[in-house]
Amino acid sequence: MGTNFPNKIEKRLLPEHVRQHFEPAGDHVVVDSLHAEAPDDLVREAAYKVFLYPDAGQLQCLEELLSSRDLLAQLVGYPTYAHRALQGAIAGNPETVMQFLEKLSDKLSERTTKEFEMMRGMKMKLNPQNSELMPWDPPYYSGVIRAERYNIEPSLYCPFFSLGACMDGLSVLFHRLLGISLHAEQPVRGEVWCEDVRKLAVVHESEGLLGYIYCDFFQRADKPHQDCHFTIRGGRLKADGDYQLPVVVLMLNLPCPSRNLPTLLTPGMMENLFHEMGHAMHSMLGRTRYQHVTGTRCPTDFAEVPSILMEYFANDYRVVHQFARHYQTGQVLPRSMVSRLCESKKLCAAADLQLQVFYAALDQVYHGQHPLRRSTTDILRDTQEKFYGLPYVPNTAWQLRFSHLVGYGAKYYSYLVSRAVASLVWRECFLQDPFNSTSLSSPTRVEPHFFSVAHRGPDCSALGSSTTGCFTRQRPDQDKLHFAESFEEASLESKPLITIWPNSHLKHSSPHRHCRQPLWATSRAHRVQGSGHLRLRGVQCLSLQAERPHLGASQELEAGSKSLTAGSGAVGRQEGHGRTPFQPEGGGRALPPGDAGTRRGQGAHAHGARSAAEVSFHRRLCRRPPFRFGPRL
């Protein structure tokens, strides 16, 4: 994409000790990122100013994209593109989104100011000649402060987080909460694209086979360096009344095991694994009539809720100590190490979150009322001053590096809302006991489907009622559940057991020919799209019924913002490969919600495909030469 391509600058315009940090290209050097972690202030400043230097062609493409989206929205009866994009989302409309962002910003303001002061103090200590805090400083100085206070060394944690142990931990957690087991199957010849890919069958203790997960976990030369979940085949109700089982892929970039050493994960890698498995379980457990709204193909601002919820489990010692043992000695990971790790994540988390509020607010303004009264750069400057607090740098255009404007127009706020909802679910259901399956009033098992998304055409209000039902501890009426009453239980045939990953107890089993698919009541099949449910062991949570919530969306998001700013350890991930807040090309943290974790290619928007005009503009925006001449400093 044009948002990713580097800029060039003549060598002679940079001091020698600065230009040596960039790739040479003849008489120029290439600046391909912000170099946010560089210890030299001048290197970060030069990278920021060169990489974000405005490009007239990109500016024109962005302006045409925004105006064309506004035109398309008005042609189908919406006042702005944001109103069209948010139809059926948790927030419902852009007014609610801005109210949520403004309240969240107000709650973060005091903490953010204190954190900026800490960073200024550290900068003055390390660079007394220039102690003014600038936009290129927070990522570096927050890391310095964190290292000084906690000195978290990932290599000390790795021996406790072997891949096999982490997979065992996930299996135990899913079994205790959901009655689900993970069974390794031997793929048939030609079924997988690499011999390192493992195939897992997801089996419920009473309902049988729920779907398949292909685990592409290990690094290789031709593999994209990203951690993500994506759908190969979505679940859906077939014409004959059977249910088409979902098939998904989890892709990570973990080090390959050797003969004497299993794959060892850093804390960030372990958290990423839990996060992505949350997406996979969302896909496995959803049951919908149509596959384009199943699992992670739900409204964008709900798609990250299950995966972020899994981060809370990954940071809770009561869960971690169940599986985190030294791969050689068997020693349990000390509680003090987990506590220090969680405390370090809270440090400077408010400033990180404030940056996300700024990005989300900018996205809303760009997709609001048109024609825009000022240039996109002027809007950027004003929004940054209002929502972030650090000054705008003249002759920069960060919005041209904001690639999420293309794929997630008017929906960048979604990660913040998903985190708020996940925080509330954790506090309501699992804070006292992460393995507690009877935390919500009913000792009996309820209907079987977790995170199914109701979809009844353009007015999809299921998500509002789902979160409200969970937060207010209300049981929905059982006669509103439209799923088939009975599922066939599976009888698992055994095969010689082979360990799937070193240091893991997951075993190979035979293919599930014998594990019949859930049987749907054909006479009631036309009612399936109206609701969905999760079966926890005795917990009724997140019932997704297509009815209006008891609380308004603005009230719900206000409650979420209070929970989000309460200082939970899951806010502000400091380590990982793109699973935390987005990390757009222009710096900061971010993660686009939708169908495939960070990289959704299909079904992320439940309300129609892009028009030909939009696709044309997207292509123009992305079609840039691989190099271009940058500014003169």
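What counts and how
- Residues numbered from 1 in each chain as written.
- Predicted model: local features only at pLDDT ≥ 70, side-chain atom pairs only at ≥ 80, totals over all residues.
- Heavy atoms only, no water.
- UniProt positions renumbered as here; feature names shortened; annotations may be inferred.
- Helix = DSSP H or I, 4+ residues; strand = E, 2+ residues; numbered from the N terminus.
- Buried < 20%, exposed > 50% of the residue type's maximum accessible area, 1.4 Å probe, protein only.
- Lys, Arg positive; Asp, Glu negative; His and termini not counted.
- Salt bridge = Lys/Arg side-chain N within 4 Å of Asp/Glu carboxyl O.
- Polar contact = N/O pair within 3.5 Å; in protein donor to acceptor, adjacent residues only side chain to side chain.
- Core = buried A, V, L, I, M, F, W, Y, C linked by side-chain atoms within 4.5 Å.
- Pairing = 2+ DSSP bridges.
- Axes fitted to C-alpha atoms, helices over the stretch in contact; angles between N-to-C directions.
- Contact = heavy atoms within 4.5 Å.
- Phe/Tyr/Trp six-rings, centres within 6.5 Å; stacked < 30°, edge-to-face > 60°.

- Naming follows an unreviewed UniProt entry, where the protein chain appears as Mitochondrial intermediate peptidase isoform X3 of Camelus ferus.
- UniProt lists a comment for the protein chain under the heading Sequence similarities (unreviewed entry), and it reads "Belongs to the peptidase M3 family."

## Things to note about the side chain of Arg146
Inference 1: Tracing the backbone shows Arg146 in helix H6 (residues 138–150).
Inference 2: For the buried Arg146, no salt bridge is present, and the opposite-charge side chain at shortest range is Asp352, 4.8 Å distant.
Inference 3: Reaching out from Arg146, the side chain makes a polar contact with the backbone oxygen of Leu347 at a distance of 3.1 Å.

## Topic: the nonpolar core
Inference 1: By size, the foremost hydrophobic cluster in this structure holds 131 residues, and its most contacted members are Leu101, Phe161, Ile213, Phe217 and Met281.
Inference 2: When residues in this core are grouped by element, the largest group, eleven residues, is from helix H13 (residues 349–366).
Inference 3: Counting residues in each nonpolar core, the second largest holds seven residues, with Ala201, Tyr212, Leu237 and Leu245 among its members.

## Quick look at the sheet that holds strand S2 (residues 23–25)
Inference 1: One open sheet accounts for three strands, arranged S1-S3-S2; its pairing is antiparallel. Each of the sheet's edge strands pairs with one partner strand only, and the pair in question is strand S1 (7–10) and S2. Mean inter-strand twist for the sheet, computed between neighbouring axes without regard to direction, equals 35 degrees.
Inference 2: Relative to strand S3 (residues 28–31), S1 runs antiparallel, the two sharing four bridges. Note that in S3 the partner of Asn7 across the bridge is Val31.

## Notes on the side chain of Gln244
Inference 1: Locating Gln244 in the fold gives a position in strand S9 (residues 243–244).
Inference 2: Within the structure, Gln244 has its side chain in polar contact with the backbone oxygen of Gly234 (distance 2.7 Å).

## Thoughts on the environment of Arg12
Inference 1: Looking at where Arg12 falls in the secondary structure, it is placed in the loop between S1 and helix H1 (16–19).
Inference 2: Sequence separation between Arg12 and His28 is 16 residues, and the spatial gap between their C-alpha atoms is 8.1 Å.
Inference 3: A distance of 2.8 Å separates a polar atom in the side chain of Arg12 from a polar atom in the side chain of Glu10.

## Digging into the environment of Tyr366
Inference 1: Among the structural elements, Tyr366 can be located in helix H13.
Inference 2: What makes Tyr366 buried here is its relative accessible area of 0%.
Inference 3: With residues up to four places along the chain from it excluded, the contact list for Tyr366 reads Leu66, Leu372, Thr376, Ile379, Leu380, Gln399 and Leu405.

## Some remarks on the packing of aromatic side chains
Inference 1: Throughout the structure, instances matching the rule amount to 18 aromatic pairs.
Inference 2: For the pair Tyr140 and Tyr141, a centre-to-centre distance of 5.0 Å together with 75 degrees between the ring planes defines the contact as edge-to-face. The exposure classification of Tyr140 matches that of Tyr141, with both residues buried.
Inference 3: Considering the side-chain rings of Trp426 and Phe430, the 6.2 Å spacing of their centres and the 40 degrees angle between planes classify their relative orientation as tilted.

## Observations concerning the pattern of salt bridges
Inference 1: Taken as a whole and judged by the stated rule, the model has 21 salt bridges.
Inference 2: Of the charged contacts in the structure, one is a salt bridge between Glu10 and Arg12, with a shortest N-O distance of 2.8 Å.
Inference 3: Assessed through its relative accessible area of 58%, Arg12 is described here as exposed.
Inference 4: Close ionic contact of Asp382 with Arg374 constitutes a salt bridge, the shortest N to O distance being 2.0 Å.
Inference 5: When its relative accessible area of 26% is taken as the criterion, Asp382 is described as partly exposed.
Inference 6: Through salt bridges with shared partners, one network takes in Asp41, Arg44, Lys123 and Asp137.

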